[in-house]
Amino acid sequence: MRKVGKIEYKKIARISPSQFYSMTNCAYKSLLAEAFDKKPLLPISPNAYLGTVLHKMLELISKKEIKTDIEFNERFEAEILLIEKELKQTGYDIFVPLYMNVRDFGIKKIQLKKHLKGAAVQSNQSGNIKFIPEQWFESKDKTIGGKIDLIIESENEIEIIDFKTGAITEDIFDDNGESYQDIKREYQRQLKLYAYLFYDCTGKYPTKLSLVDLSKQKFNVEFSKQECDMIFQEAKALLIKTNNSIDNAIFHANPSESNCKYCLYRPACSFYFQHFKGNNSLNDVCGFIIGVIKYQNGNVSIFIRNENNKITITGFSADKYEYFNSNLNKQISLFNLRKEATEFIYSVIKTTAVYEC
Ligand code: SF4
């Protein structure tokens, strides 16, 4: 069982365009991430680990370090092995092998291979077109910085491309309640911020902003220079405000189901606990241990008093019995449980984490 301890807040020196959207939703999450040296307090989804490999492969393809099917397969294997080694070293061997723990692992690999074809076309282009992969850009005041996946520069056009390994569009509802698909707002703002960084470093705005998904579909993001400038100012103001909250020791967070659901710093967030007090909708439970049972098959269940409810949590391994039994009446928080069909009954899953309060 882990304990969060005292939180030592640290100022955030710089934010990246990809971090900006999450910070807009809840800046306190970024402060917690900084305080814990960006080491999440809850397990990261195995999908995110595969996403890292996919992104790395896209980077290598656009750098033309991988050109053939054979090179692709060898490198993909090597990258997966590397990430699986890291998972084992960090105590997350529960996600190894990755292909057993990520949905659509094979499909994603096949989709990724389609990018090889594009890379072959790129290398055949005339010398007038430059392909610049993975270049770092930072605002002059050093407050915002990030790597642009790919820049394609020709005589009359500068295109900034950001690769995404997940869905690029989302359902949007108009005033009449009709739904339509549009590019995710967070991705649009991220690209516009990259456009500003490019301008700040080169004195020129790109002419085109694009998002490319795993199946090589390209989505164009409309933009104006004013918009990009405004988003940069907004990001800068947010960074200053967030850092000021440390000086003033007055923190604000924005707890909500959508913001907190995937927040890996929930165990350290008092706002979260306050907001979701007695509400277990996110499958986290906080309460006092009031009983422990070890069954003949070795499985252990515990009983938690949460507000006025008695909650049962099943599926702990036998070695946890002693710990829970010697900590009766202690307050604990359990994250990432599975809700069972019967009310007030939960079970432990691979990613369940237990923290002392
Ligand atoms: S748990 Fe929710 S409120 Fe707390 S930092 Fe994370 S997103 Fe923000």
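Residues numbered from 1 in each chain as written. Predicted model: local features only at pLDDT ≥ 70, side-chain atom pairs only at ≥ 80, totals over all residues. Heavy atoms only, no water.

### Things to note about the overall build of the protein chain
Inclusion rule: Every helix listed is a DSSP run of H or I at least four residues long, and every strand listed is a run of E at least two residues long, numbered separately from the N terminus. Burial classes follow relative accessibility: with a 1.4 Å probe on protein chains only, a residue under 20% of its type's maximum area counts as buried, one over 50% as exposed, and anything between as partly exposed. A 1.4 Å probe and the Shrake-Rupley method give the accessible areas. Residues count as covered only by the protein chains that appear here.
A tally of helices and strands in the protein chain yields eleven helices and 13 strands. The principal-axis extent of the C-alpha atoms belonging to the protein chain is close to 75 × 50 × 45 Å. Here the protein chain holds 357 residues, and 45% of them are scored as buried. Accessible surface for the protein chain amounts to roughly 19100 Å². Of this, 49% is attributable to carbon and sulfur atoms.

### Points about the nonpolar core
Here is the rule we go by: Take the buried residues of types Ala, Val, Leu, Ile, Met, Phe, Trp, Tyr and Cys, join any two whose side-chain atoms come within 4.5 Å, and each joined set is a nonpolar core. Annotation comment: domain bounds sourced from an automatic or database domain assignment. By definition, residues are in contact when any of their heavy atoms lie within 4.5 Å.
Grouped together as the largest cluster of nonpolar side chains are 56 residues, with contacts concentrated most on Ile15, Tyr28, Leu32, Phe36, Ile151 and Leu211. For this core, the leading source of residues is helix H7 (residues 185–202), giving eight residues. Two domains each provide a minimum of three residues to this core, namely domain 1 (17–241) and domain 2 (278–356). Among residues more than four places away in sequence, those in contact with Ile15 are Phe20, Met23, Thr143, Ile144, Gly145, Ala235 and Leu239. The next biggest cluster of nonpolar side chains, apart from the first, holds 28 residues, and it includes Val53, Leu60, Leu150 and Ile152.

### Describing unusual backbone geometry
Among all residues except glycine, the phi angle is most often negative; among peptide bonds, the trans geometry is most common. In this chain, Val96 is followed by Pro97 through a cis amide linkage whose omega measures 0°. One non-glycine residue with positive phi stands out, namely Lys38, at about 60°. Its place among the elements puts Lys38 in the loop between helix H2 (27–35) and helix H3 (46–62). Located in the positive-phi region is Glu134, a residue other than glycine, with phi close to 50°.

### A word on the site of the ligand
So the rule is basically this: We call a residue near a molecule or strand when any one of its heavy atoms sits within 4 Å of it.
Around the ligand sit 13 residues in total, of which Cys26, Asn259, Cys260, Cys263 and Cys269 are the nearest. Of all the elements in the fold, those that place two or more residues in the shell around the ligand are H2 and helix H9 (257–260).

### Description of the side chain of Ser347
Our working rule: Between N or O atoms, a polar contact is any pair within 3.5 Å; within protein, one atom must be a potential hydrogen donor and the other a potential acceptor, and residues adjacent in sequence are included only when both atoms are from side chains.
When you line up the elements, Ser347 lands in strand E13 (residues 345–356). For Ser347, the side chain forms a polar contact with the side chain of Glu340, separated by 2.4 Å. In this structure Ser347 touches Thr314, Leu337, Arg338 and Glu340, once residues within four positions along its chain are discounted.

### A word on the pattern of salt bridges
For the record, the criterion: We define a salt bridge as a side-chain nitrogen of Lys or Arg found within 4 Å of a carboxyl oxygen belonging to Asp or Glu.
Applying the stated criterion across every chain yields a total of 20 salt bridges. A salt bridge links Lys147 to Glu134; the nearest nitrogen and oxygen atoms lie 3.8 Å apart. Here Lys147, found in strand E3 (residues 145–153), pairs with Glu134, found in strand E2 (residues 130–138); they are 13 residues apart in sequence, far enough to count as distant. Residue classification places Lys147 among the partly exposed positions, given a relative accessible area of 41%. Members of the salt-bridge network, linked through shared partners, are Arg14, Glu138 and Lys142.

### What to know about the packing of aromatic side chains
Applied cut-off: Each aromatic pair joins two rings of Phe, Tyr and Trp (for Trp, the six-membered one) with centres within 6.5 Å, and gets the label stacked for planes under 30 degrees apart, edge-to-face for over 60, and tilted for any other angle. Whether a charge lies above a ring is judged from NZ of Lys or CZ of Arg, which has to be within 6 Å of the ring centre and within 35 degrees of the ring normal.
In this structure the tally under the stated criterion is 20 aromatic pairs. Aromatic pair Tyr272 and Phe273: ring centres 5.7 Å apart, planes at 70°, arrangement edge-to-face. Put simply, the rings of Tyr272, Phe273, Phe276, Phe335 and Tyr355 touch in pairs and so form one group of aromatic residues. For Lys164, the ring lying beneath its charged end belongs to Tyr187, and the centroid distance is 4.4 Å. Of note, Lys310 hangs over the ring of Phe303, and the distance from its end group to the ring centre comes to 4.8 Å.

### Here we look at the pairing of strand E12 (residues 331–339)
Note the threshold: We treat two strands as partners when DSSP finds at least two bridges between them.
Pairing between strand E9 (residues 285–294) and E12: four bridges, direction antiparallel. For Phe288, the partnering residue across the bridge sits in E12 and is Gln331. Looking at chain direction, E12 and E13 are connected through seven bridges and run antiparallel. Pairing of Leu337 across the sheet is with Val348, part of E13. Joining the antiparallel neighbours E12 and E13 is a turn of five residues, in which Phe344 adopts a positive phi near 70°.

### Details of the sheet that holds strand E4 (residues 158–163)
The following threshold applies: As a rule, the C-alpha atoms of each element are fitted with a line to give its axis, helices using only the stretch in contact, and angles between N-to-C directions run from 0 to 180 degrees.
Taken together, the five strands give an open sheet; going across it, the order is E2-E3-E4-E7-E8, and neighbouring strands pair in mixed fashion. The open sheet has two edge strands, E2 and strand E8 (218–221), and neither has a second partner. Within the sheet, the average angular offset between the axes of one strand and its neighbour, ignoring direction, is 35°. Here E4 pairs with strand E7 (residues 208–212) via five bridges, running parallel. Residue pairing across strands places Asp162 opposite Leu211, the latter belonging to E7.

### Quick look at the domain arrangement of the protein chain
We count it as follows: Joining two parts hides part of their accessible area as seen by a 1.4 Å probe, and the buried area is that hidden amount summed over both. For this scheme, ten residues count as nonpolar: Ala, Val, Leu, Ile, Met, Phe, Trp, Tyr, Cys and Pro. Four count as charged, namely Asp, Glu, Lys and Arg, and the remainder, Gly too, count as polar.
By domain assignment, the protein chain separates into domain 1 (17–241) and domain 2 (278–356). Taken together, the six residues of domain 1 in the interface contact six residues of domain 2. Summed over both partners, the interface of domain 1 with domain 2 comes to about 530 Å²; 64% of that surface belongs to carbon and sulfur atoms. The three residues of domain 1 that bury the most area against domain 2 are Leu42, Pro43 and Ile94, which together make up 67% of that side's buried surface. Here domain 1 is connected to domain 2 by zero salt bridges. Counting across the domain 1 and domain 2 interface gives three residue pairs in polar contact (both at pLDDT 80 or more). Residues belonging to the side of domain 1 that touches domain 2 are distributed by class as follows: five nonpolar, one polar and no charged.

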